[in-house]
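Working through the structure, step by step
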There are 2 protein chains.
Amino acid sequence: MTQFMNKRENIVTEAIEGTIMASGGRLFRLDGYPHIRVVLRADWDKSRVALVSGGGSGHEPAEAGFVGPGMLTAAVCGDVFASPSVDAVLAGILAVTGPAGCLLVVKNYTGDRLNFGLAAERARAFGLKVNMVIVDDDIALPDLPQSRGLAGTLFVHKIAGALAEQGRDLAAVTRAAERVIAGTRSIGMSLDTCTVPGSTKEDRIAKGKAELGLGIHGEPGVQQIDFTDAEHAMAAMIEKLSVKADHDKTFVALLNNLGAASVLEMSVLAYELLRSDLGKRIKFIVGPAAMMTSLDMRGVSVSILALTPEDEDGLLGAVAMSAWPGCNAVVEPIRLALPDGLTPIRPLASEHHATRRFLTYCCQIMIAMEADLNALDAKSGDGDTGSTLAGAASALLGAMDKLPLADHTQLYRAIGQELSQTMGGSSGVLLAIFFAAAGDAASSGLTMRAALQAGLGRMQEVGGAKPGDRTMIDALHPALASLDDGLVAAAAAARKGANYTAALSHAKAGRAAYVNADKLKGHADPGAEAVARLFEALKSKA
Amino acid sequence: MTQFMNKRENIVTEAIEGTIMASGGRLFRLDGYPHIRVVLRADWDKSRVALVSGGGSGHEPAEAGFVGPGMLTAAVCGDVFASPSVDAVLAGILAVTGPAGCLLVVKNYTGDRLNFGLAAERARAFGLKVNMVIVDDDIALPDLPQSRGLAGTLFVHKIAGALAEQGRDLAAVTRAAERVIAGTRSIGMSLDTCTVPGSTKEDRIAKGKAELGLGIHGEPGVQQIDFTDAEHAMAAMIEKLSVKADHDKTFVALLNNLGAASVLEMSVLAYELLRSDLGKRIKFIVGPAAMMTSLDMRGVSVSILALTPEDEDGLLGAVAMSAWPGCNAVVEPIRLALPDGLTPIRPLASEHHATRRFLTYCCQIMIAMEADLNALDAKSGDGDTGSTLAGAASALLGAMDKLPLADHTQLYRAIGQELSQTMGGSSGVLLAIFFAAAGDAASSGLTMRAALQAGLGRMQEVGGAKPGDRTMIDALHPALASLDDGLVAAAAAARKGANYTAALSHAKAGRAAYVNADKLKGHADPGAEAVARLFEALKSKA
């Protein structure tokens, strides 16, 4: 799999540089590249307990994305999926730890425990107060005492971070972290493996299968299960979580995108989580969002924490880091009734013989030119322009008795309404807009010509075509412009415009924009031709 | 590709439900499922200009994720990659439009133009003031007058949304939207196509190729180019953008994840964008983040907008919606000097003959048992425990002249330091922690036994092993507990503990945790055996 990276060995430092440059001045780093990659709060004054986390990279935005007021003080970044060195961790601790001390939040992986552990020891030799907590929220392997650290780590960052920001002492911050760790359970599921930079992707998960109980370093899940749909996938995760979820508690959930599930899918999973039985006891939710990823894994993890009042405060506090999506109360979706007006009020039918004759004649003209227009359209398109217009004309004839023929303003709108319901395709909508807008204009007192021109203007605005783009507008625009001079002038202008389209070898709007020049040249645009023929027929009848 | 979805026809409504349930009460919807899918601000009172957007789904979090104070008033959601119906758009307009009117922000696709356009017409027939702007920020097809709408649409939402929130009138909000549209250019690049729900994925892009100039509906890019790395990929996009980027202007950039690029990759792309020549004129950046996705496309788009002071205000205002990652000032990364203390101060060497003899003897014991321990380790591991310990002992012998032999407190720390540098693997780090922590304890005045027990406690905390887990702790823990009763008692306790490990068929820590029971049973843990032998040797010497 090709990836957006340069040299593999620089991917972490380049990503950190990008993160810092786009952070708005919120982040600094230590001058220790390439081996010491520590990102820290720009505004830090060592006046309170420092919160330091980190570990292997590849889990972005964790941990650097969570550095800032109210969460982490510093993040120590190792290579992709590899623990940072003792020196790097020590540098992070020394850079941010003041008299109030420092809490290390470490995900439970051997390398991280050891390197953070030894760094803590070395920092203590300087007289610094350093505590360490190990996050082991994974419940995939119930028999293994060494559970992995997954996205539940973010609960610790947020809650302990809030207390540290408030100025609580190291013992209180540590106790809170330990309480959160004890109350947090996570489980992951994936439909595809991740692509480790510079390595070949392992195609481990067959189509139709999912891995349940996976870590965030590409390691296989505890079991492969049949994948049917989002509902069953979430149910399988919830079943694991619920075994341990005490039934008298309420929870905060964290729904984490492991990297490459689409935002659409994540929302479907949120729906399945929140409408489940467990979901009824989920009072708050963080996400769905990509928070603790496993590179580009098409997977998800769900973490839950049994709520205590003190944790609620910590979770709900706003922070400036965009990687933290906030913690929202879960709500039942509220539905508002549909507004009135979706079914247009049909104007009262009225009779007006001259108008009926005129409209009927127009429709007959359109029906008569069906075959010719189809033949013309077939030269550059799919040969249905004639049938489309004839069909609309027939429908209009059939609706004649229901039209407000005596009220021209209402009539425009009624014709537009009729066309929008009976005439398919873009041209139907555009003509509907033409008549509806003309009706609006007429109702505000404009003359017929001005009203029709207003309709044309709106049709151009919506459709995006202008004269010269090889559409019906090339005939309609000049015809309306000449209408004050009479139908003869209008018909001549329409004809001239329609003929002009035959000289245009490049359509700039409509479906013909995708047709080659040699198929267009020499043939008029069928829409423009229809307009010209209509005006010519009206002229001869006048 | 398997996806986290249920029935294809429900994916959009289920995703909307999930979005609303996780919105913290910020969002309502209209009661029009399945055809009318309108998400709207829960706090809306029609007192100001409404901003309505939408279009096909599959671009999440756009548009529903941007509904809220300061951005959109409502989002009208079509099927995946399909425009919503006229009725759906009209329902959205009618639901939120008051006397101040409504601005429709429409991405430039024919279906959206037509359906939003006709809905606007129908809304106007009710006397509502409705304006419409068409976003056409794509610069991939310079010769096509109908440029597509891409992620630059978010600039419009944010800037026009801020003005609407401030109570500006429809004309002012519309003018701002038009100004932003005129100033925005976007270009996309992808390494892989997206997976349309329920459809087979098209494998259009060969390995080593990228598509430049793509839309957000899975349509092919304007050109396929050779992909080498992130730097050249960004350069190719910047080249397109810079053609049109006036050289006397500064810009805001929006770096958009099209769906499945990893967060790590997006940060590398941010780095490449911001360190480029164009980057030097980018004053603010939005993202990197997934804002206007194309489902799970492994791709990216870059949008730039020439900055004006009025737009700056609109961009920088905070909004509560987590889908908007904020607009940050671009900064040069600031590097802080590494803290002092990374190179530990080596204590002054001092002589103490009894200590030298004792230490030397311990080292000789360790060296003497190399072959036996290796043989024991080979039964359940890779047979190197003896060599690892012997190597560390040899190194310690070689360092004897530099050790502070006369200062036992310093000596513990010095031994820990020596081991951390010379002894590989987890056991080296753990023993380093043991001695460092013992040194700390000794320096605070504890007895030797208490100091060693403090070291053991720390080693257990970091390593995660406890008695009974089949590690060296099974011998060390009882030995130290008996040390006050003399070396004979300690040696007997260590031996008993080591022998006990041979009865444990299940290791709970260390590498042996992954070894089958039948390979473990009957053999002592090599680390525990080493401790027992050491104490036995010391006893016989005492």
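See the structure printed just above.
Residues numbered from 1 in each chain as written. Chains lettered and ligands numbered in written order. Predicted model: local features only at pLDDT ≥ 70, side-chain atom pairs only at ≥ 80, totals over all residues. Heavy atoms only, no water.

Things to note about the overall build of chain A
- Assigned secondary structure in chain A consists of 18 helices and 14 strands.
- Since a compact globule built from 542 residues should have a radius of gyration of about 24 Å, the 34 Å found for chain A marks it as more spread out than a globular shape.
- For chain A, the spread of C-alpha atoms along the principal axes amounts to about 105 × 50 × 45 Å.
- When burial is assessed residue by residue, chain A has 62% of its 542 residues classed as buried.
- Expressed as a percentage of contacts within chain A between residues at least 6 apart in sequence, the contacts between residues at least 24 apart total 71%.
- Carbon and sulfur atoms make up 53% of the accessible area of chain A, which totals about 19,900 Å².
- Between the centroid of the 51 positive side chains of chain A and the centroid of its 59 negative side chains there is a distance of 3 Å. (Helix = DSSP H or I, 4+ residues; strand = E, 2+ residues; numbered from the N terminus. Rg over C-alpha atoms; globule rule 2.2 N^0.38 Å. Buried < 20%, exposed > 50% of the residue type's maximum accessible area, 1.4 Å probe, protein only. Contact = heavy atoms within 4.5 Å. Areas by Shrake-Rupley, 256 points an atom, 1.4 Å probe, with all protein chains shown as cover. Lys, Arg positive; Asp, Glu negative; His and termini not counted. Charge placed at Lys NZ, Arg CZ, Asp CG, Glu CD.)

Re the sheet that holds strand β1 (residues 27–30) of chain B
- Here seven strands make up an open sheet; going across it, the order is β14(A)-β1(B)-β2(B)-β4(B)-β3(B)-β5(B)-β6(B) and the pairing mixed. Each of the sheet's edge strands pairs with one partner strand only, and the pair in question is β14 (335–336) of chain A together with β6 (130–135) of chain B.
- The strands touched by helix α1 (residues 11–21) of chain B within the sheet are β1, β2 (38–41), β3 (50–57) and β4 (74–80) of chain B, with β4 of chain B carrying the most contacts at an inclination of about 145 degrees. (Pairing = 2+ DSSP bridges. Axes fitted to C-alpha atoms, helices over the stretch in contact; angles between N-to-C directions.)

Quick look at the relation of the copies chain A and chain B
- Rotating chain A by 180 degrees and translating it 0.0 Å along the rotation axis places it on chain B, where the RMSD comes to 0.1 Å. Here the symmetry operator amounts to a two-fold rotation axis. Ranked by how close their C-alpha atoms come to the rotation axis, the residues of chain A are headed by A260 of chain A, at 2.1 Å.
- By residue overlap, the copies meet face to face through one surface: 99% of the interface positions of chain A are interface positions in chain B. (Least-squares fit on C-alpha atoms with pLDDT ≥ 70 in both.)

Some points on the interface of chain A and chain B
- Across the contact, 118 residues belong to chain A and 118 residues belong to chain B.
- With both chains or domains summed, chain A and chain B bury close to 10,100 Å², and 66% of this area falls on carbon and sulfur atoms.
- The largest share of the area that chain A buries against chain B comes from F4, M21 and L264 of chain A, three residues that together contribute 10% of it.
- Linking chain A with chain B are six salt bridges.
- Across the pair E121 of chain B and R458 of chain A runs a salt bridge, and its minimum N-O distance is 3.3 Å.
- The interface formed by chain A and chain B holds 38 residue pairs in polar contact (both at pLDDT 80 or more) in total.
- The biggest single contributor to the side of chain A that touches chain B is helix α7 (residues 263–275) of chain A, with eleven residues.
- Considering only residue class, the side of chain A that touches chain B consists of 63 nonpolar, 28 polar and 27 charged. (Buried area = accessible area lost by both parts, 1.4 Å probe. Salt bridge = Lys/Arg side-chain N within 4 Å of Asp/Glu carboxyl O. Polar contact = N/O pair within 3.5 Å; in protein donor to acceptor, adjacent residues only side chain to side chain. Nonpolar A, V, L, I, M, F, W, Y, C, P; charged D, E, K, R; others polar.)

Structural notes on the packing of helix α10 (residues 370–380) of chain B against helix α11 (residues 385–399) of chain B
All names here are of chain B.
- Running from amino to carboxyl end, α10 crosses α11 at an angle of 145 degrees, the nearest separation of the two axes being 6 Å. Residues E370, L373, N374 and D377 of α10 form the contact with α11, whose participating residues are T385, G386, S387, L389 and A390.
- Considered class by class, the residues forming the contact of α10 with α11 number three nonpolar, four polar and two charged.

Examining helix α8 (residues 309–316) of chain A
Residues and elements named next belong to chain A.
- Within α8, the full set of buried residues consists of D311, E312, G314 and L315. Mapping the buried residues of α8 onto a view down its axis gives an arc of 170 degrees, with all of them on the same face. Residues of α8 that are exposed and point over 90 degrees away from its buried face: P309 and D313.
- Tucked into the core, α8 has its buried residues touching α4 (153–165), α5 (170–183), β10 (251–257), β11 (282–289), β12 (299–306) and β13 (327–329). (Arc of directions from axis to C-beta.)

Here we look at the packing of helix α3 (residues 110–124) of chain A against helix α13 (residues 425–443) of chain B
- Remark: α3 of chain A packs on α13 of chain B, axes separated minimally by 9 Å, with the N-to-C direction vectors making an angle of 25 degrees. Classified by the angle between their axes, α3 of chain A and α13 of chain B sit roughly parallel to one another. For α3 of chain A against α13 of chain B, the interelement crossing comes out left-handed. Across the interface between the two elements, T110, L114, G117, L118, E121 and R124 of chain A from α3 of chain A touch S426, V429, L430, A432, I433, A436, A437 and D440 of chain B from α13 of chain B.
- Partitioning the contact of α3 of chain A with α13 of chain B into residue classes produces eight nonpolar, three polar and three charged. (Parallel < 35°, antiparallel > 145°, perpendicular 65-115°, else oblique. Left-handed = near helix turned anticlockwise from the far one by under 90°.)

Overview of the pairing of strand β2 (residues 38–41) of chain A
- Summarising the sheet, strand β1 (residues 27–30) of chain A and β2 of chain A pair through three bridges and their orientation is antiparallel. When the bridges of β2 of chain A are listed, R29 of chain A appears paired with V39 of chain A.

Some remarks on the side chain of N257 of chain B
Residue and element names in this part refer to chain B.
- Position of N257 among the secondary structure elements: in strand β10 (residues 251–257).
- Of note is the side chain of N257, whose polar atom sits 2.8 Å from the backbone nitrogen of G259.
- Among all residues touching N257, those that are not within four sequence positions of it are M266, A289, A290, M291, M292, T293 and G299.

Points about the packing of aromatic side chains
- Using the criterion set out here, one finds four aromatic pairs over all chains in the structure.
- Taken together, a centroid distance of 5.9 Å and an interplanar angle of 85 degrees make the contact between F227 of chain A and F4 of chain B edge-to-face. Taken as a pair, F227 of chain A in the loop between β9 (223–226) and α6 (230–243) and F4 of chain B in the segment before α1 lie in two separate chains rather than in one.
- Residue F227 of chain A is classed as buried on the basis of its relative accessible area, which comes to 10%.
- You can call F4 of chain B buried: its relative accessible area is 0%.
- A ring pair is formed by F434 of chain B and F435 of chain B, whose centres lie 5.1 Å apart and whose planes are at 85 degrees; its orientation type is edge-to-face. (Phe/Tyr/Trp six-rings, centres within 6.5 Å; stacked < 30°, edge-to-face > 60°.)

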